[in-house]
Amino acid sequence: MSSAPTTPRTADEEALASALVQSFGIGVRQLRRARGWSQERLAENSNLNRSYIGEIERGTAIASLVTVEKLATALTLSPSALVTHGEHINQQNLVRGLKLMAIAC
């Protein structure tokens with residue numbers, strides 16, 4: 001069974017994917033802190049390793065769908081709401097960047 005060849009990502013696509021991973025992590029951190037939880041408590045409630053929580057929050061690890069579901073359940077959200085929270089942060093950062101570029105011009 002062979003898989004179809006994949007086309008390499010452009011630099012813009014890589015940057016966008018990286019920005020979304022970073023924003024998802026920021027969102028997880030915001031929601032965790034809003035509950036007054038440590039990384040350890042979120043790890044316990046989601047059945048994940050504390051160091052992995054830190055990697056997700058820093059944007060150095062990409063959470064799988066299973067991990068997103070575990071985090072969302074621990075944070076009493078739906079998986080889609082958790083991902084959407086990260087997307088909103090990503091969009092806000094893009095708008096901020098555009099405004100800064102407009103000011104610089």
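Everything here concerns the structure above.
Below you will find a few notes about this structure. (Residues numbered from 1 in each chain as written. Predicted model: local features only at pLDDT ≥ 70, side-chain atom pairs only at ≥ 80, totals over all residues. Heavy atoms only, no water.)

### Focus on the side chain of Arg32
Inspection of the secondary structure assignment puts Arg32 in helix α1 (residues 11-34). Taking the relative accessible area as the measure of exposure, Arg32 reaches 7% and is therefore buried. Reaching out from Arg32, the side chain makes a polar contact with the side chain of Glu57 at a distance of 2.6 Å. Contacts of Arg32, omitting those with residues within four sequence positions, involve Trp37, Ser38, Gln39, Leu42, Glu57 and Leu75. (Helix = DSSP H or I, 4+ residues; strand = E, 2+ residues; numbered from the N terminus. Buried < 20%, exposed > 50% of the residue type's maximum accessible area, 1.4 Å probe, protein only. Polar contact = N/O pair within 3.5 Å; in protein donor to acceptor, adjacent residues only side chain to side chain. Contact = heavy atoms within 4.5 Å.)

### Let's talk about the side chain of Gln39
Within the secondary structure, Gln39 sits in helix α2 (residues 39-46). Setting aside chain neighbours within four positions, we find Gln39 in contact with Arg32, Arg50, Ile53, Gly54 and Glu57.

### Some words on the packing of α2 against helix α4 (residues 65-74)
Packing of α2 against α4 leaves a shortest axis separation of 8 Å and a crossing angle of 110 degrees. If you check the angle between α2 and α4, you find them roughly perpendicular. In contact with Leu42, Asn45 and Ser46 of α2, α4 contributes Lys70, Leu71 and Ala74. Of the residues contributing to the contact of α2 with α4, the split by class is three nonpolar, two polar and one charged. (Axes fitted to C-alpha atoms, helices over the stretch in contact; angles between N-to-C directions. Parallel < 35°, antiparallel > 145°, perpendicular 65-115°, else oblique. Nonpolar A, V, L, I, M, F, W, Y, C, P; charged D, E, K, R; others polar.)

### Quick word on the packing of α2 against helix α3 (residues 50-58)
Where α2 meets α3, the axes come as close as 8 Å, and the angle between the chain directions of the two elements is 110 degrees. Our classification of the angle between α2 and α3 gives roughly perpendicular. Taken together, the residues of α3 that come into contact with α2 (itself represented by Gln39, Glu40, Leu42, Ala43 and Ser46) are Arg50, Ile53, Gly54 and Glu57. Looking at the contact of α2 with α3 residue by residue, the class counts come to three nonpolar, three polar and three charged.

### Comments concerning the pattern of salt bridges
This structure, assessed with the given rule, holds two salt bridges. The salt bridge partner of Arg29 is Glu57, with a shortest N-O separation of 3.4 Å. You can see Arg29 sitting in helix α1 and its partner Glu57 sitting in helix α3, a full 28 residues away along the chain. Residue Arg29 is classed as partly exposed on the basis of its relative accessible area, which comes to 23%. In this structure Glu57 comes out as buried when scored by relative accessible area, which is 2%. One connected set of salt bridges, linked through shared partners, spans Arg29, Arg32 and Glu57. (Salt bridge = Lys/Arg side-chain N within 4 Å of Asp/Glu carboxyl O.)

Purely geometric numbers; function is a separate question.
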